[in-house]
Amino acid sequence: MNILQNHIQALVFCAQSPISIEEIQRCLTEALGVEVYVSDVLEAVEEINVQLAESGFAFQIYAIGGGYQFLTKPEYQDTVSLYLKHKSKKKLSASSLETLAIIAYKQPITRSAVEQIRGVGCDYAIHKLLEKELIEIKGKAETIGRPVLYGTSQKFMDYFGINHIKDLPQLKDFASEENMIGEVAD
């Protein structure tokens with residue numbers, strides 16, 4: 001089983017994006033010349049994480065974006081955030097963040113629908129989001145002119161650490177009592 005764990009670690013480490021359990025299983029079956037089952041891979045991933053936790057490593061294998069990836073543990077978030085903050089020169093502008101949020105929650109959506117919600121043009125913001133690969137073209141609407149439909153990309157899911165668009169925070173998650181007007185009925 002130790003050989004299996006080493007191969008899994010190598011695959012997860014070299015993958016540029018989360019690697020699916022099926023990809024791991026196929027690669028191992030071909031590389032090792034024996035049938036490796038998904039259950040074997042899942043068990044090995046759990047064992048790897050136990051070993052990493054016992055050894056005090058700052059990272060482990062997480063299920064994210066429909067696959068598996070090495071990520072730092074949550075207790076090191078502040079340190080990593082500071083590093084990334086200093087490293088990142090180009091941040092998303094407020095208009096790009098607003099546009100991204102609208103696309104994420106309303107996808108698939110046309111540029112004109114985004115502009116209608118924002119009340120201003122968003123060509124530049126959409127262009128920058130496409131350039132950063134946070135959104136992608138999902139198709140064309142079945143309306144007059146067949147406008148392009150936009151939605152979030154896999155890179156968006158990876159960046160924000162979610163597996164599915166349903167994992168986005170809901171409006172109720174942001175509501176706080178200090179922002180409420182009137183009395184709350186019990």
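In this text, all values refer to a predicted model and were calculated from it rather than measured experimentally. Each chain carries its own residue numbering, running from 1 in the direction its sequence is written. Totals for whole chains, interfaces and linings use every residue, but because this is a predicted model, local features are given only for residues with pLDDT of at least 70 and side-chain atom pairs only at 80 or more, for both listing and counting. Only hydrogens and water are set aside when side-chain values are computed; all heavy atoms of the structure are taken into account.

(A) Here's a closer look at the overall build of the protein. A tally of helices and strands in the protein yields nine helices and five strands. Starting at the N terminus, helices and strands are each numbered in turn, a helix being any DSSP run of H or I of at least four residues and a strand any DSSP run of E of at least two. Order of helices (α) and strands (β) in the protein, N terminus to C terminus: α-α-α-β-β-α-α-β-α-α-β-β-α-α. Burial classification: accessible surface area is computed with a 1.4 Å probe over protein chains only, and a residue below 20% of its type maximum counts as buried, one above 50% as exposed, and the rest as partly exposed. Of all 186 residues assigned to the protein, the portion counted as buried reaches 30%. Should any heavy atoms of two residues lie within 4.5 Å, those residues are counted as being in contact. A separation threshold of at least 6 residues defines the contact pool for the protein, and within that pool the share at least 24 residues apart is 42%. Entry remark: accessible area of the protein is about 12900 Å², with carbon and sulfur atoms responsible for 55%. Residue exposure ignores everything except the shown protein chains as possible cover, and the areas themselves are Shrake-Rupley values with a 1.4 Å probe.

(B) Representation of the side chain of Gln25 in the model. Examined against the element boundaries, Gln25 turns out to sit in helix H2 (residues 21–32). A relative accessible area of 15% means that Gln25 is categorised as buried. Definition of a polar contact: a pair of N or O atoms within 3.5 Å, with one able to donate and the other able to accept a hydrogen when the atoms are protein atoms, and with sequence-neighbouring residues admitted only if both atoms are side-chain atoms. A distance of 3.3 Å separates polar atoms of two side chains, one belonging to Gln25 and the other to Glu35. Once residues within four sequence positions are removed from consideration, Gln25 is found in contact with Glu35, Val36, Tyr37, Val38 and Val41.

(C) The packing of aromatic side chains, seen in detail. Each pair of aromatic rings taken from Phe, Tyr and Trp, with Trp reduced to its six-membered ring, is defined by centres within 6.5 Å and is described as stacked if the planes are under 30 degrees apart, edge-to-face if over 60, and tilted in the remaining cases. Evaluated as defined, the whole model comprises four aromatic pairs. On the numbers, 5.6 Å between centres and 85° between planes, the contact of Phe59 with Phe70 is edge-to-face. Linking Phe59 in strand E1 (residues 59–64) with Phe70 in strand E2 (residues 67–72), this pair joins segments that are 11 residues apart in sequence. With relative accessibility at 31%, the residue Phe59 sits in the partly exposed group. Here Tyr159 and Phe160 contribute two aromatic rings whose centre-to-centre distance is 5.0 Å and whose plane-to-plane angle is 80°, an arrangement assigned as edge-to-face. Joined through ring pairs, the aromatic side chains of Phe57, Phe59 and Phe70 make up one cluster.

(D) Helix H5 (residues 94–106), seen in detail. Expected helix span is computed as 1.5 Å times (number of residues minus one). Here H5 is 13 residues long and its end C-alpha atoms lie 18 Å apart, about the 18 Å a rise of 1.5 Å per residue gives. Along H5, the residues that are buried comprise Ser96, Thr99, Leu100, Ile102, Ile103 and Ala104.

(E) Up close: the sheet that holds strand E5 (residues 148–152). Two strands pair if DSSP finds at least two bridges between them. Read across the open sheet, the three strands follow the order E3-E5-E4; overall the sheet is antiparallel. Only two strands of the sheet have a single neighbouring strand rather than two, namely strand E3 (109–110) and strand E4 (135–140). Both E4 and E5 contribute to a ladder of five bridges, which runs antiparallel. Its bridge partner being in E5, Ile137 is matched across the sheet by Tyr150. Here H5 sits on the sheet and contacts E3, E4 and E5; the angle it forms with E5, its principal contact strand, is near 95°. Axis definition: a line fitted to C-alpha atoms, over the contacting stretch in the case of helices. Angles run 0 to 180 degrees between N-to-C directions.

(F) Layout of the pattern of salt bridges. By convention in these notes, a salt bridge is any Lys or Arg side-chain nitrogen within 4 Å of a carboxyl oxygen on Asp or Glu. Tallied over the full model, the rule gives seven salt bridges. A salt bridge links Arg111 to Glu115; the shortest N-O distance between them is 2.9 Å. Taken together, the residues Arg111 and Glu115, both in helix H6 (residues 111–118) and four residues apart, mark about one turn of the helix. The residue Arg111 makes a salt bridge to Asp123 at a minimum N-O spacing of 3.2 Å. Residue Arg111 is found in helix H6, and its partner Asp123 is found in helix H7 (residues 123–131); the two are separated by 12 residues along the sequence. Looking at Arg111, the relative accessible area reads 34%, which means it is partly exposed. One network of salt bridges, with partners in common, ties together Arg111, Glu115 and Asp123.

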